[in-house]
Amino acid sequence: MYKQLQQRDMAEAPVNVSSLRAMKDRGEPIACLTAYDASFAQLVDRAGADIVLVGDSLGMVIQGHDTTVPVTVQDIIYHSRAVRRGLGRAFLMADMPFMSYTTPVHALDNAVRLMQEGAAMMVKLEGGASQVGIVEHLAQHDIPVCAHLGLRPQSVHKIGGFKVQGRGQAQAEQMLEDAVALEQAGADILLLECVPNELGQAVRHAVTVPVIGIGAGPDVDGQILVLYDMLGITQGRLPRFVRNFMTNNASPLEALQAYVLAVKDRSYPAPEHCFS
Ligand code: KIV
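The written sequence of each chain sets the order in which its residues are numbered from 1. Note on the predicted model: pLDDT of at least 70 is required for a residue's local features to be given, and 80 or more for side-chain atom pairs to be given and counted; whole-chain, interface and lining totals, by contrast, use all residues. Side-chain descriptors were evaluated using all non-hydrogen atoms of the structure, hydrogens and water having been removed beforehand.

K.L.:
Pulling in residues and values, what's your account of the pairing of strand β1 (residues 30-34)?
P.N.:
Exposed residues in this analysis have more than 50% of their type's maximum accessible area, buried residues have under 20%, and partly exposed residues fall in between, with area computed by a 1.4 Å probe over protein chains only. Put simply, DSSP marks the helices as runs of H or I at least four residues long and the strands as runs of E at least two long, and each gets a number from the N terminus on. With five of five residues buried, β1 lies mostly within the body of the structure. The alternating pattern of β1 places I30, C32 and T34 on one face and A31 and L33 on the opposite face, and all of these are buried. Across four bridges, the pairing between β1 and strand β8 (residues 222-225) is parallel. In the strand pairing of β8, A31 is matched with Q223. Paired strands, in this sense, are two strands between which DSSP finds at least two bridges.

What follows is the structure in structure tokens.
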């Protein structure tokens, strides 16, 4: 009865928060990718990705900035609307850009815009325990939330570069505590960027919600990469965790299918993509 009209004839049920949680529970890796337009979204969806993120990485790979800091809510809305038109089965997550969630009320206003104007199904924000109040407020209003821990690119100027996080014992323990606090506050998914394998594994076991990694090792519940990085489009020095899936594949669709398969059979990430 409540099935959306356009989904009534779909062969496969669309991914949602419950099916993502069920994937974690049965140990099926969750394959995620970023996308920024309808054409690529269609390919990523067809390749079998479970989650598509309209990341603020668009500031770097689409707009050509050095960081994600200049990205605005309106930018994310524009790209999210386009991506949504390309999707069938995959779940659509959209990033809350830099300074778009400074207070619970501010965060709710912008999350509502991302969902109503951008057609997002979940919002992602960066931050540790300091964001607990924000996550709680969004969750109280039934906004699905992904909390991004580890390397937080929006804080690059404060951190002093794109660096591996959680290497010392105190930092690792703090991240673990933050992860638990964010789950308790109502986060539906955690995303962990650039941390040692051991910490990725510890976070995965400490929470019941899915933990998606990017440079967080193989022992998390799913993987995500920036589309243009894994298709070999991004030029220059790439992070260690990136694998170019266009190598040995004849088309972007084949490369995307190879990525989804590699995440599902856990052949990606390999040791050379990981941090210790
Ligand atoms: O903005 C983005 O693309 C991200 C990924 C690095 C996960 O947050």
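Moving on, there is more to tell.
K.L.:
Just give me the short version of the site of the ligand, but keep the residues and values in it.
P.N.:
Around the ligand, the surrounding shell holds 13 residues, and the nearest of these are G55, D56, S57, D95 and K124. Any pair of nitrogen or oxygen atoms within 3.5 Å is treated as a polar contact; in protein, a donor-acceptor pairing is required on top of that, and neighbouring residues in sequence qualify only through side-chain atoms on both sides. Here S57 contributes a side-chain N or O atom positioned 2.5 Å from an oxygen atom of the ligand. Expressed as a share of its isolated accessible area of 260 Å², the protein-covered part of the ligand is 95%. Tallied by class, residues from the shell around the ligand come to five nonpolar, four polar and four charged. We call a residue near a molecule or strand when any one of its heavy atoms sits within 4 Å of it. With residues, only the protein chains shown are counted as cover, and all accessible areas are computed by Shrake-Rupley using a 1.4 Å probe. Classes in brief: Ala, Val, Leu, Ile, Met, Phe, Trp, Tyr, Cys and Pro nonpolar; Asp, Glu, Lys and Arg charged; the others, Gly included, polar.

K.L.:
Provide a residue-level description of the environment of Q257, including the pertinent values.
P.N.:
Mapped onto the secondary structure, Q257 falls in helix α11 (residues 252-264). The class for Q257 is partly exposed, based on a relative accessible area of 35%. Here the alpha-carbon distance between Q257 and V44, two residues 213 residues apart in the chain, equals 8.2 Å.

K.L.:
Before we move on, can you summarise the packing of helix α4 (residues 73-86) against helix α5 (residues 104-116) with the specific residues and values?
P.N.:
Structural elements are reduced to axes, namely lines fitted to C-alpha atoms, with helices fitted over the stretch in contact, and the angle between N-to-C directions of any two is expressed from 0 to 180 degrees. Close contact between α4 and α5 brings their axes to 9 Å; oriented N to C, the two are set at 20°. The orientation of α4 with respect to α5, classified from their angle, is roughly parallel. Here α4 runs over α5; the crossing is right-handed. Two secondary-structure elements touch here, α4 through V73, Q74, I76 and I77 and α5 through N110, R113 and L114. Split into classes, the residues belonging to the contact of α4 with α5 amount to four nonpolar, two polar and one charged. We call two directions roughly parallel when the angle between them is under 35 degrees, roughly antiparallel when it is over 145, roughly perpendicular when it lies between 65 and 115, and oblique otherwise. Two helices that cross are described as forming a left-handed crossing if the nearer one is turned anticlockwise from the farther one by less than a right angle, and a right-handed crossing if clockwise. Contacts are assigned to residue pairs with any non-hydrogen atoms lying within 4.5 Å of each other.

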